[in-house]
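Fold and contact review
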Amino acid sequence: MGLRIVMLGAPGAGKGTQAVQMAKEMGVPHISTGDIFRKNLREGTDLGKKVQGYLNSGALVPDELTCEIVAERLQEEDCANGYILDGFPRSVPQAEMLTDFLAKRGEKIEVAVNIDVSDDVIIERLSARRSDPETGAVFNLLFNPPPPDMADKLIQRDDDKPETVKARLETYHETTEPIIAYYDKLGVLKNVPGDDAGPDEIYRRIMAVLPQ
Ligand code: AP5
Ligand code: MG
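Report on the accompanying structure. (Residues numbered from 1 in each chain as written. Chains lettered and ligands numbered in written order. Predicted model: local features only at pLDDT ≥ 70, side-chain atom pairs only at ≥ 80, totals over all residues. Heavy atoms only, no water.)

The subject of this paragraph is the overall build of the protein. Along the backbone of the protein there are nine helices and seven strands. The C-alpha radius of gyration computed for the protein amounts to 16 Å, which stays within 12% of the reference 17 Å derived for 212 residues, consistent with globular compactness. If you line up the protein on its principal axes, its C-alpha atoms span 50 × 40 × 35 Å. When the 212 residues of the protein are sorted by exposure, 47% land in the buried category. If you take every contact in the protein between residues at least 6 apart in sequence, the share linking residues at least 24 apart comes to 69%. (Helix = DSSP H or I, 4+ residues; strand = E, 2+ residues; numbered from the N terminus. Rg over C-alpha atoms; globule rule 2.2 N^0.38 Å. Buried < 20%, exposed > 50% of the residue type's maximum accessible area, 1.4 Å probe, protein only. Contact = heavy atoms within 4.5 Å.)

By the secondary structure assignment, Thr171 is in helix H7 (residues 162–176). Engagement of the side chain of Thr171 in a polar contact is seen with the backbone oxygen of Ala167, the distance being 2.9 Å. Excluding residues that lie within four positions of it along the chain, Thr171 makes contacts with Gly58, Ala59, Leu60 and Thr176. (Polar contact = N/O pair within 3.5 Å; in protein donor to acceptor, adjacent residues only side chain to side chain.)

Once that is clear, we can look at the site of ligand 1. By nearness alone, 36 residues border ligand 1, and Thr17, Ala59, Arg90, Arg129 and Arg168 come closest of all. Within the backbone of Gly16, one N or O atom sits 2.9 Å away from an oxygen atom of ligand 1. Here ligand 1 has 1000 Å² of accessible area as a free molecule, and 97% of this is covered by the chains. Among the elements of the structure, helix H1 (15–26), helix H2 (33–43), helix H3 (46–57), strand E6 (138–140) and helix H9 (199–209) are those that each provide at least two residues to the shell around ligand 1. Examining the composition of the shell around ligand 1, we find that four residues originate from one element, H2, more than from any other. Residues that form the shell around ligand 1 fall into these classes: 16 nonpolar, 12 polar and eight charged. (Near = heavy atom within 4 Å. Areas by Shrake-Rupley, 256 points an atom, 1.4 Å probe, with all protein chains shown as cover. Nonpolar A, V, L, I, M, F, W, Y, C, P; charged D, E, K, R; others polar.)

Quick look at the structure:
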């Protein structure tokens, strides 16, 4: 039986980088609300049109809409044996909704992994993030360089511009950070220092705090 895990941390803390590895290793789905929204944006769906303004300004998509999308996703068959939630929940109401949704099914979040990274490091990392538009693979020009033959096709996320990063960090501190205390109260919080090491070492730190 896999675990139900939520990944917490500021924008750029490395939630996505770690969640991809963890999901692969554990054989469970990686569910990123940011990835779901960006895919809909690219494809020009109704959902994409609804969320575009929020993503581009670094604001949160309204709780009700976000929770609806996640609830639908969690009812799919591949979620039966656990999953890694990345970028959700992102506000106390979202966290409460998730707890209630799971309780109705006799389930709960077993672990909340908080990758703790300071604002200065975040700003440096996000300015150098690049991704492959075809596969979604994420690299970093400074810390996690792409293979040389890929350099030309990589793109920068629209919301990684410095002004938007600042807005995302503000939103994080105001609205998202309080859910660290929420999961601490539930007794499932695991803090992982994320400033001082590369992705492989952070991965080992996460593995070391997960229940066996
Ligand atoms: P989302 O896509 O979730 O963005 P985010 O939280 O801002 O997080 P990021 O994806 O920027 O960072 P990450 O922690 O995944 O870091 P990564 O692994 O890429 O959300 C985008 C938007 O969608 C939001 O602003 C909002 O509008 C909306 N949204 C999404 N979910 C929502 C919700 N629940 N409610 C409402 N709205 C929602 O790593 C960053 C970089 O650092 C990469 O280049 C990576 O290679 C590098 N890196 C990673 N680890 C290390 C390391 N240890 N050392 C050095 N470099 C590293
Ligand atoms: Mg991400």
